[in-house]
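What follows is the residue order along each chain.
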Amino acid sequence: TLKIGRGPQSWQDMPVTGELRAETSKVDLVSVYVPDIDRAAGHLAANARIQGTLGQPQLSGSLSVSDGEVDFYQTNLHLRQVGLTAQLTDDGLTFDGTGQAGKGSVHAKGQLRWHDALPYGQLHLEGSNLRVVDIPEAQIDASPDLDFKVAAREIDITGTVAVPYARIIPTDLTGAVTSSSDEIILGQESQNPADRFKVRTQITMTLGPQVSIDTTGLTGQLAGSITVRSGYDAVTRASGQLFVQKGQYAAYARKLDIQSGRLIFTGGPIDNPGIEIRAIKSYPDVTAGINVRGTLKQPRISFFSTPSLPQSQIVSLILSGGGGGGSLQMLQAAGSSNAQSQ
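All values derive from a computational prediction rather than experimental measurement.

In terms of helices and strands, the chain carries three helices and 18 strands. For the chain, the residues scored as buried account for 30% of the 342 residues in total. Excluding contacts between residues fewer than 6 apart, the proportion of contacts in the chain whose partners are at least 24 apart in sequence is 41%. Accessible area of the chain: about 21,100 Å², with a carbon and sulfur share of 54%.

What follows is the structure, encoded as structure tokens:
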């Protein structure tokens, strides 16, 4: 229903009252307006009231979603049993929603107000054992506890994310060709920088006991925590430490057992932490190993052994894989013959 009070005043000042009730199961239309959502389903019910004037109408009412489903194909994220209730006022809304992802659950609530057509408010998101990524290269469960502060076009995100389980096996991109830094995509619409939302994050991520990685050169379990800051400048930064446990490090095509290893983040770029790895390989009569120091992008490798051997002999030992029994005697004999020939 919609009623407009007609009188001698201008049309902008004419009073208006109305009510709208709607129900639909065609929630899949959401994917048309929100491209990041690939599929949506569920039941939507709305009860809205309108009052005020034609020039300044005021909308209030309620909105609810039940038995909702949302799919994000890129990360293979599936939200199920989505439920949402929202109360609309003339200048904002309050909402409370729940859902399931994998074996975990998520709960979100908050309130937003509009000033000059821009949002202001706070939101809170918490979850437990959410399967946030489920693709061949990575399976990740996360338990977030995050606060969102919205002020016009600025969003600040703070809180913690616990990762109880993760299995990461990145695709081998050896030989892949990346796009040029001066690449220009013809026909791509440019966005006005003034219309963009600026997002700043400061999130502490803690790895649980079942986090493993298998990359080219490094396999093992990871532990520790880091705090990631982004949006404050052009570089995403991190501080904290990650430890490598029960792993192997590949050097000269040979896998060595990691005795100790850690990635050290000191507030610099997150993609270039300090690195410390000590890995060994035991042979019948000698133990050879490597120390890796420096940064992830510029590592420095040195060698050691028990009993002590020259660096060149340690490299030969690792390259040959030990050469069977009596490896120490073979290396010493080879060293003696080289000395005599000189």
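The discussion continues.
Pairing analysis gives ten bridges linking strand E14 (residues 237–251) to strand E15 (residues 254–269), with the strands arranged antiparallel. The residue of E15 that forms the bridge with Gly240 is Phe265. A loop of two residues connects E14 with E15, the two strands running antiparallel in sequence, and Tyr252 in this loop sits at a positive phi of about 55°. The turn joining E15 and strand E16 (residues 274–282), which pair antiparallel and follow one another in sequence, is formed by four residues.

This brings us to the side chain of Ser305. Relative to the helices and strands, Ser305 is located in strand E18 (residues 299–306). Residue Ser305 is classed as buried on the basis of its relative accessible area of 12%. Within polar-contact distance, the side chain of Ser305 engages the backbone oxygen of Pro307 at 2.7 Å. Polar side-chain contacts of Ser305 include one of 2.9 Å to the backbone nitrogen of Leu309. Contacts of Ser305, omitting those with residues within four sequence positions, involve Val286, Thr287, Ala288 and Ile314.

Another point: the nonpolar core. With 40 residues, the main nonpolar core has Tyr249, Ile258, Ile277, Ala279, Ile290 and Ile318 as its most contacted residues. Aside from chain neighbours lying at most four places away, what touches Ile290 is Tyr249, Ala251, Leu256, Ile277, Arg278, Ala279, Ile301, Ser302, Phe303, Phe304 and Ile318.

Our focus in this paragraph is the packing of aromatic side chains. Overall, the coordinates contain zero aromatic pairs when judged by the stated rule. In this structure, Arg153 is placed above the aromatic ring of Phe197, and the distance from its NZ or CZ to the ring centre is 5.5 Å. Its guanidinium or amino end placed over the ring of Phe304, Arg278 lies 4.0 Å from that ring's centre, counting from NZ or CZ.

Conventions used here
- Residues numbered from 1 in each chain as written.
- Predicted model: local features only at pLDDT ≥ 70, side-chain atom pairs only at ≥ 80, totals over all residues.
- Heavy atoms only, no water.
- Helix = DSSP H or I, 4+ residues; strand = E, 2+ residues; numbered from the N terminus.
- Buried < 20%, exposed > 50% of the residue type's maximum accessible area, 1.4 Å probe, protein only.
- Contact = heavy atoms within 4.5 Å.
- Areas by Shrake-Rupley, 256 points an atom, 1.4 Å probe, with all protein chains shown as cover.
- Pairing = 2+ DSSP bridges.
- Polar contact = N/O pair within 3.5 Å; in protein donor to acceptor, adjacent residues only side chain to side chain.
- Core = buried A, V, L, I, M, F, W, Y, C linked by side-chain atoms within 4.5 Å.
- Phe/Tyr/Trp six-rings, centres within 6.5 Å; stacked < 30°, edge-to-face > 60°.
- Lys NZ or Arg CZ within 6 Å of the ring centre and 35° of its normal.

None of this, on its own, says anything about what the molecule does.
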